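# Fold and geometry: a report
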Amino acid sequence: MEKCYEYFECKEIECIVFQNKNEQACWETEGTLCFFQPLTPIIKESSQKEKCDFCLYKTSILGNK
């Protein structure tokens, strides 16, 4: 599975999942620095789990599950 930081070409090197070698999915990890500009109002009012429900990467990996 491609890593989220590779999928988005992310430069947030201080993110907890950046270059992480374990197989835990980013949406299962608290404290990620993912940010998607069009969803700013939702992200500010959402929990980590809810924020990840809008993630294009998670959707591409899991489909519509």
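Residues numbered from 1 in each chain as written. Predicted model: local features only at pLDDT ≥ 70, side-chain atom pairs only at ≥ 80, totals over all residues. Heavy atoms only, no water.

### What to know about the overall build of the protein chain
Looking only at helices and strands, the protein chain has four helices and zero strands in total. Sequence-distant contacts in the protein chain: of pairs separated by 6 or more residues, those separated by 24 or more amount to 32%. As displayed, the protein chain offers around 4900 Å² of accessible surface, 55% of which is attributable to carbon and sulfur atoms. (Helix = DSSP H or I, 4+ residues; strand = E, 2+ residues; numbered from the N terminus. Contact = heavy atoms within 4.5 Å. Areas by Shrake-Rupley, 256 points an atom, 1.4 Å probe, with all protein chains shown as cover.)

### Here's the deal with the side chain of Lys3
The topology assignment puts Lys3 in the segment before helix 1 (4-7). This buried residue, Lys3, is left without a salt bridge; Glu23 holds the nearest opposite charge, at 4.4 Å. When sequence neighbours within four positions are dropped, the list of residues in contact with Lys3 reads Asn20, Asn22, Glu23 and Tyr57. (Buried < 20%, exposed > 50% of the residue type's maximum accessible area, 1.4 Å probe, protein only. Lys, Arg positive; Asp, Glu negative; His and termini not counted. Salt bridge = Lys/Arg side-chain N within 4 Å of Asp/Glu carboxyl O.)

### Considering the environment of Glu14
For Glu14, the position within the fold is in the loop between helix 1 and helix 2 (40-44). Measuring from C-alpha to C-alpha, the distance between Glu14 and Thr32 comes to 9.2 Å, with 18 residues separating the pair along the chain.

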